[in-house]
Amino acid sequence: GDRYSLALLNGSPLPSPEPLKRVVPLDLFPTDIIGSTLVQKSYSVNFPGEFGGGVINLTTKSTPRESFLTFSSSIGGNSETTGQLGYTYFGSNSDWTGFDNGTRDTPPLLAAALASGKPVAVGADFTQNQIEAIAMELVNAETSLLQQNDKIPVNWSASFIGGLNIPLADGELGIIATAGIDNKWRTRDTLQQTSLDPDLTGLPQTDFQRVITDNRVVVNGLLGFGLELGDHLFRWTNLYIRDTLKQSRLGLGKDQNNAQRDIMELDTAWYERQLINTQLVTEFDFDAIQIDFRASYANSQREAPYERSFTYVRTNLPLAQDPVGNKFVNDLGGNRGEATIAFSDLNEDLIATGMDVSYELAPRINVTAGYAFTDTERTATRRAFAFRGQNLPLPVIQLRPDFLLSDTSIQAFDIALLETSAQDGTAAFYAALQTHAGYAQLQAELFSGINVNVGVRYEDARQLVSPVDIFNTGGNAIATTRLNNDYWLPAITLTWEVAPDMQVRLNGSKTIARPQFRELIAQIYQDPDSNRQFRGNPSLQDSELWNAEVRYEWYFDRDQRLTAAAFYKSIDNPIETFTSISTDSQANSSFANAPKATLYGAEFELQKYFPLEGLSDAAFWQSRRAVVIANYTYTQSKLKVGAGDVTVINGQSLVASDFFFDGSPLTGQSDHLVNLQLGLEDQDK
């Protein structure tokens, strides 16, 4: 899972454009600008201590060898979405670009009410007329009305990349720029159920078929400057990523609390995720001494305006009992329908600096020492509202969403707006994480063919997540997170060169996994991938991992290899996902520390080339070769939950076995993973 992944850009932390996840979309980086990619699955102390499954360090090219300019575009689709039935809503004319044209801006009256420090509801310093005026501002058919689309559009993308090489007297200056846009559609037909039965043998409490159509638009750009002066290098990289998801959901199902009736749910959402990252890297090479310095600043934002949900109910009662029993209606009362809207805003700033100094003590003996500092701050707000009506006439409750919440309906029937986020203290949060780390590492050849890399990292971190009392209530039921931990993280790797093209490596290390802000903030958010609601747990603690690995590597020819590895991990306090069912049969997922877990497995990888010049005398085949790259990983993991073990959720110590089953695998762990690539290469071009 993404909890245990780590991505770096030129050695600096690379935040995700999706602040709710750690996954960084590496396909946004064109191969033409990447100088090298390091993938390391064994921990060494020059990397951050949050190291689980491995690290990917992308290094951008400093200067292109020659100037170039390339344009590219693509068009495509898939059999389940393109030209098929899906659901969408209008939004704005510019949605195809990933940018809203102002349709989803917060209206002025609502903006003033949100800034007032009072819950937006009648009686909380707001009159009925004021609330109705605010509610009428939210009348927005472009974001309310779900529409059927029988021919979902094709996927397409366009991009350009250019490089400029400027020779200098003592070196060269390089400039690299890229820009791209990718517009894709995806429709999923899902079955979503909840059950209160531990063994899932009874009827589900809720049973919904839900069709979800996503329109995802990713806009990205990169501008890099590289200066090479002799053996010294200066690199300034600027990255922009905007990842927008326009989602439409239509669900039809039943609730066993009233199995006779049918429930229809219509949801529209717009998630804007944006990352701006700038970093400066310098590399000084003074023969025996190398000094590297890096500094970076990143800003991540996530906005989800006009996150709407409408629920319609059909009772299926005889007309004598219910005159509209054969129709879907919404009385805005909660029992026979409801309408909600939410506005979410998240902002995160990350500052990171670091320095590494390497010194060659003697031939084949190097020592390295370094320091790293990160400072992260996040603010997150979510203001949620429900529309409430009383005794609405039969013709009104049959109206479609945009007519149901029209100006006329709101004024004529006194439809109210009630802020629900004020009721549980989860409207706003502040979070911060500051780390200091220092390390020392020795790399040496102990004997002929036997090398050692040994080091230790000291890492100190202070993490805070606290609810913000924006309504001045003077108290909050949500616990505040204060983690102040420091660790010594050792690592050792022994490498035995069995032959010039063959080696065996042994690695042992200790690492950690900190809870992410999204897992600590007790605020509801919708995960658009799983279509689940998540809420964080402020009582999470750090996980500690003990790692061991043995790996065999045979490089039997140029660019060709065969590797085999076995690995084992013991994890204290692993952070796992659990799901609970609320009184209204709604599923909510959250996070908690399981007592312990173990993980083990094996990995095999092969990269092999096959010359093709012998297939024919034709010139086409003379410089071509086929390539096969295959990777297989087998993994097993088990949670260890004893009778007396507890887990802490929102400040309360609870029985761990009520949330985790002893022997269950870790969240997201697959027994088998297979990657297979087949390629055709022209060695001359």
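Residues numbered from 1 in each chain as written. Predicted model: local features only at pLDDT ≥ 70, side-chain atom pairs only at ≥ 80, totals over all residues. Heavy atoms only, no water.

Asker: So what exactly am I meant to see when it comes to the side chain of Glu603 here?
Answerer: Here Glu603 is to be found in strand β27 (residues 596-611). By relative accessible area, which is 4% here, Glu603 ends up buried. A polar contact of 2.4 Å, which involves the side chain of Glu603, links it to the side chain of Lys41. In contact with Glu603, other than residues within four places in its own chain, are Lys41, Arg551, Thr563, Ala564, Ala565, Phe567, Asn631, Tyr632 and Thr633. (Helix = DSSP H or I, 4+ residues; strand = E, 2+ residues; numbered from the N terminus. Buried < 20%, exposed > 50% of the residue type's maximum accessible area, 1.4 Å probe, protein only. Polar contact = N/O pair within 3.5 Å; in protein donor to acceptor, adjacent residues only side chain to side chain. Contact = heavy atoms within 4.5 Å.)

Asker: How do you make sense of the sheet that holds strand β22 (residues 532-534) when you look at a structure like this?
Answerer: Hydrogen bonds between backbone atoms are what pair the strands of a sheet, whose relative direction is either parallel or antiparallel. In spatial order, the strands read β21-β22-β26-β25; together these 4 strands make up an open sheet with mixed pairing. Since the sheet does not close on itself, it has two edges, and those belong to β21 (525-527) and β25 (575-581), each with one partner. The mean angle between the axes of side-by-side strands here comes to 40°, regardless of whether they run parallel or antiparallel. As defined by bridge partners, β21 adjoins β22 across 3 bridges and the pair is classed as antiparallel. Among the inter-strand pairings, Asp527 is bridged to a residue of β22, identified as Arg532. (Pairing = 2+ DSSP bridges. Axes fitted to C-alpha atoms, helices over the stretch in contact; angles between N-to-C directions.)

Asker: Help me understand the sheet that holds strand β4 (residues 54-60), please; the structure alone is not making it clear to me.
Answerer: With mixed pairing, the 4 strands of this open sheet are ordered in space as β2-β1-β4-β3. Bordering the open sheet on either side are β2 (12-13) and β3 (34-40), each of which pairs with just one other strand. The pairing of β3 with β4 spans 6 bridges and is antiparallel. Opposite Ile34, over in β4, you have Thr60 as the bridge partner.

Asker: What am I meant to see in the pattern of salt bridges here?
Answerer: Working definition: two side chains of opposite charge can pair if their charged atoms are close together. Scanning all chains against the criterion turns up 36 salt bridges. Here Lys41 makes a salt bridge to Glu603, at a shortest N to O gap of 2.4 Å. Of this pair, Lys41 sits in the loop between β3 and β4 while Glu603 is found in strand β27, placing the two residues 562 residues apart along the sequence. Judged by its relative accessible area of 35%, Lys41 is partly exposed. Glu419 is paired through a salt bridge with Arg383; the nearest N and O atoms lie 2.5 Å apart. Taken together, the positions of Glu419 in strand β16 (residues 416-419) and Arg383 in strand β15 (residues 365-388) put the pair 36 residues apart, joining distant regions of the chain. Classification of Arg383 as buried rests on a relative accessible area of 8%. Look at the salt bridges and you will find they share partners, linking Lys41, Glu549, Arg551 and Glu603 into a network. (Salt bridge = Lys/Arg side-chain N within 4 Å of Asp/Glu carboxyl O.)

Asker: Quick question: what am I supposed to make of unusual backbone geometry here?
Answerer: Positive phi is not limited to glycine here, since Tyr306 has a value of about 50°. Using a relative accessible area of 3% as the deciding quantity, one classes Tyr306 as buried. Residues other than glycine seldom take positive phi values, yet Asp559 does so here, at roughly 60°. With respect to the helices and strands, Asp559 occurs in the loop between β23 (543-557) and β24 (560-572). A residue is classified by how much of its surface remains accessible, and Asp559, at 43% relative accessible area, is partly exposed.

Asker: Help me out: how do you make sense of empty space enclosed by the protein in this one?
Answerer: Using a probe with the size of a water molecule, rolled over the atoms, empty space left in the structure can be pinpointed. Summed over all chains, the structure comprises 4 cavities of 30 Å³ or more. Volume-wise, the largest cavity comes out at about 180 Å³. Along the walls of the largest cavity sit 18 residues, with Leu20, Arg302, Leu346, Gln523 and Tyr525 positioned nearest its centre. Counting only elements with at least two residues in the lining of the largest cavity, the list comes to β13 (289-314), β14 (338-362), β15 and β21. In terms of residue class, the lining of the largest cavity is built from 8 nonpolar, 4 polar and 6 charged. There is about 70 Å³ of room inside the second largest cavity. For the second largest cavity, the full set of lining residues is Ile33, Thr60, Lys61, Ser62, Ile176, Leu222, Gly224, Phe225, Gly226, Arg235, Trp236 and Thr237. (1 Å grid on protein atoms, 1.4 Å probe; cavity = no way out; pocket = protein on both sides within 12 Å on 5 of 7 lines; lining within 4 Å. Points joined across faces, edges and corners; volume = space filled by probe spheres on them. Nonpolar A, V, L, I, M, F, W, Y, C, P; charged D, E, K, R; others polar.)

Asker: So what exactly am I meant to see when it comes to the nonpolar core here?
Answerer: Generally speaking, nonpolar side chains in soluble globular proteins are found buried as a group. In this structure, Leu138, Leu332, Phe387 and Leu417 are the most contacted members of the largest nonpolar core, which totals 33 residues. If you list the elements that add at least two residues to this core, you get α1 (108-114), α2 (128-137), β13, β14, β15 and α4 (394-397). Excluding anything up to four places from it in sequence, Leu417 contacts Val120, Ala121, Ile131, Ile134, Ala135, Leu138, Phe385, Ala386 and Phe387. (Core = buried A, V, L, I, M, F, W, Y, C linked by side-chain atoms within 4.5 Å.)

Asker: Looking at this structure, I do not really get α2. What am I missing?
Answerer: An α-helical turn contains 3.6 residues, so any two residues separated by three or four positions project in the same direction. Within α2 the residues assigned to the buried category are Ile131, Glu132, Ile134 and Ala135. On an axial view of α2, the arc spanned by its buried residues comes to 160°, and they lie on one face. Tucked into the core, α2 has its buried residues touching α1, β15, α6 (407-412) and β16. (Arc of directions from axis to C-beta.)

Asker: What is the right way to read the pairing of β27 from this model?
Answerer: Regular strands place side chains that alternate from one sheet face to the opposite one. Of the pairings in the sheet, the one linking β24 to β27 comprises 12 bridges and is antiparallel in character. Bridge pairing in β27 links Lys569 to Leu599. Where β27 and strand β28 (residues 624-640) come together, 16 bridges link them in antiparallel fashion. Within the sheet, the bridge partner assigned to Gly601 lies in β28 and is Thr635.

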